[in-house]
Amino acid sequence: MLYSRKFVLRVVAVILTAAIISLNTQQAQGQAGIAIENPRVTVNFGQSITFEARILSSLPITQASILFRGVNEEVTRVETLQVAEDGSVNFTYDASLNVFPPFSSIVYWFQATLTDNVTYTSDAINFSYNDNRFPWRNTTRVNVTIHWYAGDDAFGAAALDAAGAGMLAMREFIPISLTEPINIYIYSNAPDLQNTLFLGGEDWAGGHASPDLGVALVAIAPGTSQFTEMETKIPHELTHIMMYRALGDKYATQPIWLLEGIAAMVELYPNPEYARALDIASGNDSLLAFEDLCASFPADAGNAFLAYAQSQSFVTYIRDTYGTSGLTRLTNAYSDGFNCELGATNALGTPLSQLDSRWRESVLGQNITGVAARNLSPFILLMALVLVVPLWGAIDILRQRRKRRGKQPQ
Ligand SMILES: [Zn+2]
């Protein structure tokens, strides 16, 4: 998926370069064209992006614009430029209103209409929209680069180890890519990360992955708990990236409970709070139905946490019951476009709602008859009808007999 996009971009770049070369040839032959001199981009993360350049042209410019978009975006932003006497242009984009994802790649190019009424296009230029508010350091092993700004060298090395351990843990059921780069940014505290996600147009989550960009953001403070946090958060976000790379655009067709459940299952330290949340919700009958966790997770923090806890436990139950091949069949069924309920039927022979009940019974030890009764309620109704009709018939016959007997002379 990413390869093909990169490939397309490369082809586009080649075509554009070819176009520029042919324009230059035309210029040499006395025809018009444009060239870009000293292009410069200044990123003030979350605030503004300033583009500066000088457009050189053989004929006067009547109109000029700058075009830009995230490399994975469909929509291109177009802004008209004021061109100075010497061809200088500059444009400042308000990055606080229309946000780009943090650490995404942005491509831009120029167009100018000259006095020959022809519109010429420059070649495309890429830059990274990085969170440059922090003094990032980095260290790389194979295709994984860790970026951090708090903590010493050992901190970065420990994060690389956690990424490696995560890869080992997930490779049993997710194909691992060791070539395409992965960038993991470690913020030293949750507010810094939260602020970044907000600036990047995303809501707050425990950590964050932009799987299409191969980027993960986590908050881990250097200190005694750093190892546990690394071995929990880094494998989780890495799993999202690897699953995206394995599934491509079918990643978006997977239920959220499945994606989050698999990612949580790869965490090397199961969150002890998950078990407590499950216990409490099971006890007061406030567990969430998995069919409500297909498209999204609850917005409020408490229920979102419960949704993670349930998904982790539920996916682990599915793996323990149906094996990793069962999990693969499940992702395949959802990739094929089966809906949330029927994907489970197709892959595991049991609809999602029934899997949910079985999980409640066998993992949470819920009242089996209670669960079964709810589960079987349509069947109970049917059985009742089947039984009641003949029973009614029998009573009727008895009554008629009694009547007849009453009429008989004693
Ligand atoms: Zn996740």
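Here's what I pulled together on the structure shown here. Predicted model, so just to flag it, every value in this text is computed and none were measured.

Calculation criteria
- Residues numbered from 1 in each chain as written.
- Predicted model: local features only at pLDDT ≥ 70, side-chain atom pairs only at ≥ 80, totals over all residues.
- Heavy atoms only, no water.
- Helix = DSSP H or I, 4+ residues; strand = E, 2+ residues; numbered from the N terminus.
- Buried < 20%, exposed > 50% of the residue type's maximum accessible area, 1.4 Å probe, protein only.
- Contact = heavy atoms within 4.5 Å.
- Areas by Shrake-Rupley, 256 points an atom, 1.4 Å probe, with all protein chains shown as cover.
- Core = buried A, V, L, I, M, F, W, Y, C linked by side-chain atoms within 4.5 Å.
- Donors = N, O, S within 2.8 Å, 3.2 Å for Na, K, Ca; no water.

**Remarks on the overall build of the protein chain**
Then step 1. Counting secondary structure elements, the protein chain contains 10 helices and 13 strands.
Then step 2. Within the protein chain, the fraction of its 410 residues that count as buried is 42%.
Then step 3. By sequence separation, contacts in the protein chain at least 24 residues apart represent 64% of the contacts at least 6 residues apart.
Then step 4. Of the roughly 21,100 Å² of accessible surface on the protein chain, 56% is carried by carbon and sulfur atoms.

**Remarks on the nonpolar core**
Then step 1. Counting 65 residues, the largest nonpolar core has Ile184, Ile186, Ile234, Trp257, Phe314, Ile318 and Leu330 as its most contacted members.
Then step 2. In terms of residue count, the dominant contributor to this core is helix 7 (residues 301–335) (12 residues).
Then step 3. When residues no more than four places from it in sequence are discounted, the contact partners of Ile318 are Trp257, Gly323, Leu327, Leu330, Leu348 and Leu355.
Then step 4. Counting 24 residues, the second largest nonpolar core, distinct from the first, contains Ala64, Phe68, Phe91 and Ala95.

**Description of the coordination of the zinc ion**
Then step 1. On the protein side, the zinc ion has His236 (NE2), His240 (NE2), Glu260 (OE) and Glu260 (OE) as donor atoms, found 2.0 to 2.8 Å from it.
Then step 2. Each donor residue of the zinc ion lies on one chain, and together they are spaced H-x3-H-x19-E. With His240 in helix 4 (residues 226–247) and Glu260 in helix 5 (residues 256–266), this pair connects stretches of sequence that are 20 residues apart.
Then step 3. Overall, His240 belongs to the buried group, its relative accessible area being 6%.

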